[in-house]
Amino acid sequence: MISIQYFDTPVGELILGSYDGKLCLADWRYRKMRESIDSRLQKGLNAEYVEEDTEVLKEARKQFNEYFDHKRQSFDIPLLMVGTDFQRSVWDGLIQIPYGTTFSYLDLAKRIDNEKAVRAVASANGANAISILIPCHRIIGSNGDLVGYAGGLPSKKKLLELESNYSVTS
């Protein structure tokens, strides 16, 4: 059983999910890949969604609120990343990107010692089911432009602005 709760943030609504005392889902409720993300989690954990609260979900909401109130720059919630070994290596690389900084897909590919896998890195980035904590919003185009984001580019822009004085002209 994956315990889920819906959570409104200043940048959009998330679905939070916990399994076995770990956060396995913090994703945009209305993203395009919603069905495939949910299917991967449920098959990977052999579990169904049940709407109920848990201590992990309460702590996640608390830490998200601190983040949005500029009182938290990193999270200390146990994570359960459900994906391939390659996807998990990309997500681990994302976690290493410091608050307030941005990387390109190529920077991230280099960081995980797989420079030729830029497209695969971009795909794994898009499959991230634990947004903000695994900060895929910190990935921008190599030319500095904002590029695709599951929560939408306006949410991505707000997250980057929250984390720094990053100014985007659009």
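You'll find the structure just up there.
Calculation criteria
Numbers given for residues are sequential positions, taken from 1 along each chain in its written order. The predicted nature of this model means local features are confined to residues of pLDDT at least 70 and side-chain atom pairs, given and counted, to a pLDDT of 80 or more, with totals for whole chains, interfaces and linings taken over all residues. Working from all heavy atoms in the structure, the side-chain values ignore hydrogens and water. Secondary structure elements are defined from DSSP: runs of H or I of at least 4 residues count as helices, runs of E of at least 2 residues count as strands, and each element is numbered from the N terminus. This radius of gyration counts C-alpha atoms alone. The globule rule is 2.2 Å times how many residues there are, raised to the power 0.38. Partly exposed describes any residue whose relative accessible area lies between the buried limit of under 20% and the exposed limit of over 50%, with all areas from a 1.4 Å probe on protein chains only and scaled to the type maximum. Residue contacts are counted whenever heavy atoms from the two residues lie within 4.5 Å of one another. Each accessible area value is a Shrake-Rupley result obtained with a 1.4 Å probe; residue values ignore everything except the protein chains displayed when judging cover. Taking the helix axis as origin, the arc is that swept by the directions to the C-beta atoms. Salt bridge, as applied in this entry: a Lys or Arg side-chain nitrogen positioned within 4 Å of an Asp or Glu carboxyl oxygen.

Caption draft 1: Quick look at the overall build of the protein. Across its full length, the protein holds six helices and four strands. In the protein, the succession of α and β elements from N to C terminus is β-β-β-α-β-α-α-α-α-α. The C-alpha radius of gyration computed for the protein amounts to 15 Å, which stays within 12% of the reference 15 Å derived for 170 residues, consistent with globular compactness. With respect to the three principal axes, the spread of C-alpha positions in the protein is 45 × 35 × 25 Å. Taking all 170 residues of the protein together, 48% fall into the buried category. Sequence separation of at least 24 residues holds for 57% of the intrachain contacts in the protein that already meet a minimum separation of 6. Surface exposure of the protein reaches about 8,600 Å², of which carbon and sulfur atoms provide 47%.

Caption draft 2: Helix α5 (residues 118-126), seen in detail. Residues of α5 that are buried include every one of Val121, Ala124 and Asn125, and no others. Here the buried residues of α5 occupy an arc of 105° about the axis, which is enough to place them on one side. Structural note: α5 exposes Arg119 and Ser123 on the side pointing more than 90 degrees away from its buried face.

Caption draft 3: Molecular detail of the pattern of salt bridges. Under the definition given, this model contains twelve salt bridges. Among the salt bridges present, the one from Arg34 reaches Asp27, with a minimum N-O distance of 3.2 Å. Accessibility classification places Arg34 together with Asp27 in one group, the buried group. Where Arg34 meets Asp38, a salt bridge forms, and the shortest distance between an N and an O atom there is 2.8 Å. Here Arg34 and its partner Asp38 are both found in helix α1 (residues 34-45), four residues apart, which amounts to about one turn of the helix. For Arg34, a relative accessible area of 12% corresponds to the buried category. Using a relative accessible area of 14% as the deciding quantity, one classes Asp38 as buried.

Caption draft 4: Layout of unusual backbone geometry. Even without a glycine there, the phi angle at Asn46 is positive, about 50°. Inspection of the secondary structure assignment puts Asn46 in the loop between α1 and β4 (49-51). Owing to a relative accessible area of 73%, Asn46 belongs among the exposed residues under this scheme. In the Ramachandran plot, His70 falls in the positive-phi region, its phi being about 65° despite a non-glycine side chain. The residue His70 is located in the loop between α2 (55-68) and α3 (85-95) in this model. For His70, a relative accessible area of 56% gives the class exposed.

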